[in-house]
Structure formats: structure tokens, C-alpha cells
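# Coordinates in review
Below are the chains, spelled out letter by letter.
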Amino acid sequence: MIADVLSETTGRMTRAVEAAKEDFATVRTGRANPQMFQKVLVDYYGTPTPLAQLASLANPEARSLVITPYDKSALKAIEQAIRDMPNLGANPSNDGNIVRVTMPELTQERRKEYVKLVRSKGEDAKVHVRGIRRKAKDELDALKAEIGEDEIARGEKELDALTRQFVDAIDDALKRKEAELLEV
């Protein structure tokens, strides 16, 4: 029973860490990266649609991105969605077939703002992992009647080690993203 709780908790925490890494990837660095456009939703015939479902993204140069829509009628909507996306600072242009996005160079001040944003996202991810831990601890406490207190204490120690492991994974991803942001 304890093993079931711990395995379910491991799965939840793994998903939380992956979500944090995806969230970090959406924050732009000095280079253009197709992952930055993951959360761009395009108003496609009245339905918010992820950009990746409407177009292919290519990265021909370090600071530019080429977006080729599958449906040419979506060009204007894609261009507008990119322009409206906060924290990108991108200015797209379309030539009738593709959308070119050139990313402006980041200033030192803007890099520091992005580091603060990433730290905030990292802290949110850690809070989420701790929330998962709290829920798992409640599930373990509910098993006290069926299983002895020694087994529950052992399970809680394993849970704490698991939580530490996933919080450290978030910290590592955060450090890598900060280094990437501050790299000129």
C-alpha cells in the first residue's frame, strides 16, 4: 500500500518537473527557439489553437524563426498571435507564404527580468511538488489504522527523500535556464 502511494506520487512529481521544464523553455533567451512558441494560441476560425498544430517551425539562424502555416489563410492570425504574446518581444512579418520572426537582442536589464520570471516559475513548481507531497502524506496517514506506525514513518522518510530529489531536479533546470539567460 505504501509502495502504491509512493509510485503514484513519483508519477505526479515527474509530471510536475516536466511541466516546469516546459514552462522554462517558453521564456526566451538570446536565441530563437521553437519551444518559446509552444504556448502561443492562434485564433483559428474562432477556436484558440496551438501554433504547432497550424504550422511548422524552423530555426534557420540563431535569432530568427520561420513559421510555415499548413493553411495560408491562417497567416494573419498567426502573425497577430505572436505579436500579442507577452514576454516574447518578437516582431513577426509575413510575405504571403511564411511568417518570419526575428528576435531582438536582449538587454542586460531584460535578461535580469527574465531571470526573475524563471525563478518565480521555479518556485511555483516547487510549491506544486510540495503540495503533491502533502497529499501523499495525508494518504499515508490514512493508512495508519491498517499498517503500523513504523511502516508509516519509513514511508514518510522515503516520501521526503523523493520530494528532495524532485525539488533538486527543478533547481538544476532553473540553474541551467538562468545560465542560458545570462549568457551573452
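In this text the structure is predicted, and so the values were computed from the model without any measurement.

With that out of the way, let us pick up the packing of aromatic side chains. Across all of its chains, the model carries one aromatic pair by this definition. Ring geometry for Tyr-44 against Tyr-45: centres 4.8 Å apart, planes inclined by 65 degrees, an arrangement best described as edge-to-face. With a relative accessible area of 67%, Tyr-45 lands in the exposed category.

In any sheet, the strands associate via hydrogen bonds between backbone groups, in a parallel or an antiparallel arrangement. On the basis of which strands lie adjacent, the open sheet formed by four strands has the order β3-β4-β6-β5 and antiparallel pairing. Across the chains shown, the open sheet's two edge strands, defined by having one partner strand only, are β3 (55-61) and β5 (91-94). Put simply, the sheet's adjacent strands are angled 25 degrees from each other on average, direction ignored. Direction of pairing for β3 relative to strand β4 (residues 64-69): antiparallel, over a ladder of five bridges. Bridge pairing in β4 links Glu-61 to Ser-64. Taken strand by strand, helix α3 (residues 75-84) contacts β3, β4, β5 and β6 (99-102), and its axis lies near 170 degrees from that of β5.

The rules behind each value
Residues numbered from 1 in each chain as written. Predicted model: local features only at pLDDT ≥ 70, side-chain atom pairs only at ≥ 80, totals over all residues. Heavy atoms only, no water. Phe/Tyr/Trp six-rings, centres within 6.5 Å; stacked < 30°, edge-to-face > 60°. Buried < 20%, exposed > 50% of the residue type's maximum accessible area, 1.4 Å probe, protein only. Pairing = 2+ DSSP bridges. Helix = DSSP H or I, 4+ residues; strand = E, 2+ residues; numbered from the N terminus. Axes fitted to C-alpha atoms, helices over the stretch in contact; angles between N-to-C directions. Contact = heavy atoms within 4.5 Å.

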